[in-house]
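Descriptive analysis of the structure
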Amino acid sequence: MDGRRLRRFGRRRRRQSSLLPVGATAPDDNAAYTVSCCYCDFKIRALNDALSRFGRRHAAWLRVWFSIGVGFSLTLLLALSFLLVWNLFAQRNSNDAAFFFLFGFSPSVSLADAAYLLLSTLISVSVHEFGHATAAACEGVQVEYIAVFFAVLFPGALVAFNQDLLQSLPRFTVLRVYCAGIWHNAACCAVCGMLLFLMPLILFPFYKQCEGTMVLDVPSTSPLSGYLSPGDVIVSLDGIHIHNEQDWMEVAALLDKYTPQNSSHSKYPGLRAADGRKGYCVSNYMIEESKKIQLLDNQSACPNDFTAFVTVQCFDISISVNVSSEGDQLNKLENVYCLNANDIVKLKKCGDGWVTSSTNGSHCVCSKEESCLTPVQLPGLAWVEITYSRPYSLECKQLSRSSVSDTRTTDFTDPHCGGTFVFFGDVIFMAQSVSLTQYQPRWASAFGAYLPNILRKSLICIFHVSLTLALLNSLPAYFLDGESIFEVTLCFITSLSPRQREKVRHVCLMGGTLISILTFLMTFFINFFVGKGNSVLSLSL
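Residues numbered from 1 in each chain as written. Predicted model: local features only at pLDDT ≥ 70, side-chain atom pairs only at ≥ 80, totals over all residues. Heavy atoms only, no water.

The name given to the chain in an unreviewed UniProt entry is Membrane-bound transcription factor site-2 protease-like, and the organism recorded there is Citrus sinensis.

Below you can see the structure in the form of structure tokens.
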């Protein structure tokens, strides 16, 4: 078999002088390094004997393992070849999310995940090259060295073999060596997926779960900054219990769905709409006291720290109020009550706008000494009650020593143990502005609170990068494993002469390379310059 295509697997080449060399060690040492302005590597030879012994000792089952990998890799190569051709001629649109997901990319990734990407790339590439090295060792091929390198800013790894010995092996044996990297990346994806699935069970002895979602970080730009702190546990939104991050986002989307989105029911200047569905039973005494608070500049705006409320009539819960004249507006201004929202949220609820059944389906749940008042809202802004606890605060721990309680039975009336506050604004932006986790340490620990989130992000990132490596190296294109796999596979077609085989190889690889480059360029252009020009590239962690 012609050996000039064995690019990745240590074809013996003369050492070329690197650009601006800084240092290098003797080739017979256990470790060597090379540094230049845009490339540096670190070669390790100390593992050569260990890999050879491991390969010889477990050669029988390793050959079976890598033979399965040959079938998987060839199937993947054929599937990706068909996908590339289909994707090239299929009707294009601005949403290629499926193609991005297939190759492990997501259209929304931040630069803050650079450390995860770097670590995941090193691990995934090392797993890939370890597969090649192990497959070669079980066939008796001597490993020359293993190298870790940085090309510009991109990390990687490679393994160099005894080229002459590799060429003398049977074709299917060589195919096992070539397909081993792809197969190991696929196995790495399976392991990451299984660990993610079993993660709640693995962490159960050390973390509480499904008892609320804990706050990891509240940026200064978040609307919840100043209200929530790292270590706080969000118990519920509008009375709906929150178990994990998924519940948090789903409930936020549900509340946003019921938020008034237009100003067709204008009530007062400056207060464009009233949500007559969410109400509170306010005593008549509090209403009379609120009349002492004058509206600012005779307008329908309450002073700071106060919120405008209007009365909800039992017979007309939607309170669709259209003001047609100035006189009617002035009369309606008299029915605007400025109340402290933090006091109001502690009262009994009324109205049919609550997602939970706290009103038992009845609108008139207030007593004769009370009136059902609802907050006045702007279009697109939600009124949301957020209940939280602070189980790790010293004051709350002292209170809990006297009675055994969990997050759901915490005494939120104590300000040191938690409470309830009102968020008024864009609920989707609010939900996305904080970092949360469903895991609560059983013992207070600053690092322990972040560990599950770090593990989860790392496993997801390794999964995506390994998937990307497996798929990219399965493409029938130059400079990838697919080139060598395709070349060896052609050798099994005995009906072709060597010259015909070379032509087929050249045409297919050249076509595969061009189609791959064109497909990626089209996909990136459509997603980032046409359909999603304002998006930031990041992994969905």
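Next comes the rest of the write-up.
Let us now look at the overall build of the chain. Helix and strand counts for the chain come out as 15 helices and 18 strands. Within the chain, the fraction of its 541 residues that count as buried is 45%. Considering only residue pairs separated by 6 or more positions, the chain has 77% of its internal contacts joining residues 24 or more positions apart. Summed over all atoms, the accessible surface of the chain reaches about 28,100 Å², with 61% contributed by carbon and sulfur. (Helix = DSSP H or I, 4+ residues; strand = E, 2+ residues; numbered from the N terminus. Buried < 20%, exposed > 50% of the residue type's maximum accessible area, 1.4 Å probe, protein only. Contact = heavy atoms within 4.5 Å. Areas by Shrake-Rupley, 256 points an atom, 1.4 Å probe, with all protein chains shown as cover.)

Here the focus is the pairing of strand 10 (residues 279-283). The element strand 10 is extensively covered by neighbouring structure, given that four of its five residues are classed as buried. Relative to strand 13 (residues 349-350), strand 10 runs antiparallel, the two being bridged by two bridges. Following the sheet pairing, tyrosine 280 is matched in strand 13 by lysine 349. (Pairing = 2+ DSSP bridges.)

Residues spaced three or four apart along an α-helix point in a common direction, a consequence of the helix completing one turn every 3.6 residues. Between its terminal C-alpha atoms helix 6 (residues 171-203) stretches 46 Å, which fits the 48 Å expected from 33 residues at 1.5 Å a residue. The largest bend in helix 6 is about 45°, located at phenylalanine 197, with the proline proline 200 one to four residues further on. (Expected span 1.5 Å × (residues − 1). Bend = angle between axes of the 7 residues up to and from the residue.)

Looking now at the state of the cysteines. The tally for this structure, following the rule as stated, stands at two disulfides. Between the sulfur of cysteine 281 and that of cysteine 366 lies a disulfide, 2.0 Å long from S to S. The sign of the -85° torsion about the S-S bond sets the cysteine 281-cysteine 366 disulfide as left-handed. Of this pair, cysteine 281 sits in strand 10 while cysteine 366 is found in the loop between strand 13 and strand 14 (370-377), placing the two residues 85 residues apart along the sequence. Cysteine 366 carries the same exposure label as cysteine 281, and that label is buried. The partner cysteine of cysteine 350 in its disulfide is cysteine 372, sulfur to sulfur 1.9 Å. (Disulfide = S-S within 2.5 Å.)

So, about the pattern of salt bridges. In the structure shown here, the tally under the stated rule is five salt bridges. In this structure, arginine 390 engages aspartate 232 in a salt bridge whose closest nitrogen and oxygen atoms are separated by 3.2 Å. Placement of the pair is arginine 390 in the loop between strand 15 (382-389) and helix 11 (394-400) and aspartate 232 in the loop between strand 6 (213-217) and strand 7 (233-237), with a sequence separation of 158 residues. A salt bridge links glutamate 385 to lysine 349, with the shortest nitrogen-to-oxygen separation between them at 3.2 Å. A residue pair is termed long-range when its members are at least 10 positions apart, and glutamate 385 in strand 15 and lysine 349 in strand 13 qualify at 36 residues. (Salt bridge = Lys/Arg side-chain N within 4 Å of Asp/Glu carboxyl O.)

The end-to-end C-alpha distance of helix 7 (residues 245-257), which contains 13 residues, comes to 19 Å, matching closely the 18 Å that a straight helix rising 1.5 Å per residue would cover. Within helix 7 the residues assigned to the buried category are Asp247, Trp248, Val251, Ala252 and Leu255. Down the axis of helix 7, the buried side of the element spans an arc of 130°, and every buried residue falls inside it. In helix 7, the exposed positions that point more than 90 degrees away from the buried face belong to Gln246 and Lys257. Residues of helix 7 that are buried make contact with strand 7, strand 8 (240-241), strand 15, helix 12 (427-432) and strand 17 (435-437). Sitting at the head of helix 7, asparagine 244 places a side-chain oxygen 3.2 Å from the backbone nitrogen of glutamine 246. (Arc of directions from axis to C-beta. Polar contact = N/O pair within 3.5 Å; in protein donor to acceptor, adjacent residues only side chain to side chain.)

With that out of the way, let us pick up a nonpolar patch on the surface. Among the surface-exposed residues, Val191, Met194, Leu195, Phe197, Leu198, Leu201 and Ile202 lie close enough to one another that they form a single nonpolar patch of about 720 Å² accessible area. With respect to the helices and strands, the residue valine 191 is situated in helix 6. (Patch = residues over 30% accessible without salt bridge, like charges linked within 9 Å, V, L, I, M, F, W, Y side chains within 5 Å.)

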